[in-house]
Amino acid sequence: MLTATDTSTGTLRVVFARGSVGPAVAEIRHRLARLDLCTAPDGIRGLDDAVFDDDIDVAVRRFQQERGITVDGIVGSQTFRRLEEARWRLGDRVLSYTAGHLAAGDDVTFLQRRLETMGFDCGRVDGVFGPLTDSGLREFQRNVGLEPDGTCGPETFRALDRLVRTVGGGAPGTLRESAALSGVRTGVQDKVVVLDPGHGGGDPGSLVGTLAEARVAEQITARIEGRLAAIGTQVLLTRGPGSDLRGHLDETSRAQFCNDTGADLVVSIHLDASASPRAHGAATFYYGDTTGPYSVAGQCAAELVQHEIVARTDLLDCRVHAKTWDLLRLTRMPAVRVECGYLSHPGDAVRLTDDAFIDALAEGIAAAVVNFFAPQ
C-alpha cells in the first residue's frame, strides 16, 4: 500500500501498486480474475499476505488500456471504481435514475447499447445511468406495453431478451450527435465555453523545478479567455487563479459544473510530465473507448485543436486519442483535454516559459474553438 496526493483534490489517498500487500490486493486480484485478466487468487479471499505481483501489475495495465484510462499499473480511486463498474452484468441489479447518485457499470453500458440499437435515444453510451438514459428507457417501456416507470427490473429485462433478435446495425447515436453538431455551428458569438485549467487549489499538478502545471495552465487559459471573450463568447472557468477554492473540485465535480452551466463546449488545459526526458510534444483527447462508443463532436473538436497547435508551434504532434477520463465521460457536451507539452522535457519546458509561445498556444486553441462553431 502506498500513499499519494490525489491530483484532483490535493488530498492524501491510498493507492496500490507492485509490492503492495494486504486484503485489498486480494480483492483487486479477484476482480481482475473475474474479467479473465489474471489467475484467480489462491486460497481464501482477503488474506493479509496477498501480494501485488507482476501478474497483477500486467493485468491492471491491460484493464486500464481497455478502459481508456491512464495506464500506470497503479490502482487508485479511478481504477478501483472502474473495476467495480466492470463487475456488473445486465440483470445483476435493478437500474433506475437517481439524481445525485448515478448508477454506473457495464450493465448500464449494455442497456444503453441495446436501446440505441433499437432506435431509442439514451444519449451517449458512457455506462452512466443519467436523465437521457432514463428517458430512452421509459420510451422503450411504452413501446413494449410496460409501465414507463424508468426502472429496469425483471419485466424490462425479459422484454429486452425477447427483442434480442431485433434488426440492428448502423450507429443511430453517432447520427444524432452529428445532427446536433450541425445545429450548433452558427458561430461562436452566442456560445458558452467552459475552460478548465487543470489542478489548482493547492494541487500544482506536475511539478518540475520551478514549473508547476497548474500555474502554466492558468496562463494559457487566461489568454484563451481573453481572445474568446473579445469576440462575444461567454467564457466560464472551473476555477480561478492561485488557491481559488473551486480548484479543489475533482473531475466529477468539474463535469457537473459544466453540465449545470449548459455549456456548448469544454476545453481542459493540462501539461504532461514523464520519467523519461525524451517524452515531448502535444496531444489532445476526447471521449471514447476501445469498445466502440465515442463522441463525434468531441473528436471533431480535438482534431481541430491539435491541428491549430501543431500549425502554430514546433511541438511534436502526438495526435488525438480517445480516453474515458471523468471530465470527458461525464460531460453532456463535447469536451476535450489538451496536453500542451511536457514540463519534463528540456525543450518543451523552455518554450513554456516564453510568453510568445504561450500566446501561440492560446491563439491556436481559441482559433480551434472558433472553427468548431463556424457554419459549415
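Note that the structure is predicted; figures quoted are calculated from it, not measured. (Residues numbered from 1 in each chain as written. Predicted model: local features only at pLDDT ≥ 70, side-chain atom pairs only at ≥ 80, totals over all residues. Heavy atoms only, no water.)

Asker: It is not clear to me how the overall build of the chain should be interpreted in this structure. Could you clarify?
Answerer: Tallying secondary structure elements over the chain gives 13 helices and ten strands in all. Expressed as a percentage of its 376 residues, the buried residues of the chain come to 49%. Long-range pairs, those at least 24 residues apart, make up 67% of the contacts in the chain between residues at least 6 apart in sequence. With the model as given, the accessible surface of the chain reaches about 17,000 Å², and the carbon-plus-sulfur share is 53%. (Helix = DSSP H or I, 4+ residues; strand = E, 2+ residues; numbered from the N terminus. Buried < 20%, exposed > 50% of the residue type's maximum accessible area, 1.4 Å probe, protein only. Contact = heavy atoms within 4.5 Å. Areas by Shrake-Rupley, 256 points an atom, 1.4 Å probe, with all protein chains shown as cover.)

Asker: Whenever I open this one, the packing of aromatic side chains confuses me. Can you help?
Answerer: Any pair of aromatic rings gets described here by the distance separating the centres and the angle formed by the planes. Taken as a whole, this structure holds three aromatic pairs when the rule is applied. With a centroid separation of 5.7 Å and an interplanar angle of 85 degrees, the aromatic rings of Phe120 and Phe140 are classed as edge-to-face. In this pair, Phe120 sits in the loop between helix 4 (106–117) and helix 5 (131–143) while Phe140 sits in helix 5, placing the two residues 20 residues apart along the sequence. Under the relative-accessibility criterion, Phe120 is labelled buried at 13%. It is Arg87 that lies over the ring of Trp88; its NZ or CZ is 4.1 Å from the centre. (Phe/Tyr/Trp six-rings, centres within 6.5 Å; stacked < 30°, edge-to-face > 60°. Lys NZ or Arg CZ within 6 Å of the ring centre and 35° of its normal.)

Asker: Where do I start with the pattern of salt bridges in this structure?
Answerer: Once the charged atoms of two side chains with opposite charge are near each other, the side chains can pair. All told, the structure shown has 28 salt bridges when counted by the stated rule. Between Arg223 and Asp355 there is a salt bridge, with its nearest N and O atoms 3.6 Å apart. Remark: Asp355 occurs in helix 13 (residues 355–373) and Arg223 occurs in helix 8 (residues 213–229); sequence separation between them is 132 residues. Arg223 gets classed as partly exposed once you look at its relative accessible area, which sits at 23%. Residues participating in the shared-partner salt-bridge network are Arg223, Arg227, Asp355, Asp359 and Glu363. (Salt bridge = Lys/Arg side-chain N within 4 Å of Asp/Glu carboxyl O.)

Asker: Hey, could you run me through the environment of Arg351 in this one?
Answerer: Along the chain, the position of Arg351 falls in helix 12 (residues 346–351). Of the residues examined, Arg351 reaches a relative accessible area of 26% and is grouped as partly exposed. Taking the C-alpha atoms as reference points, Arg351 and Asp314, 37 residues apart in sequence, are found 9.5 Å from one another. Setting aside residues no more than four positions away along its own chain, Arg351 makes contact with Asp314, Leu315 and Phe357. Engagement of the side chain of Arg351 in a polar contact is seen with the backbone oxygen of Gly347, the distance being 2.8 Å. (Polar contact = N/O pair within 3.5 Å; in protein donor to acceptor, adjacent residues only side chain to side chain.)

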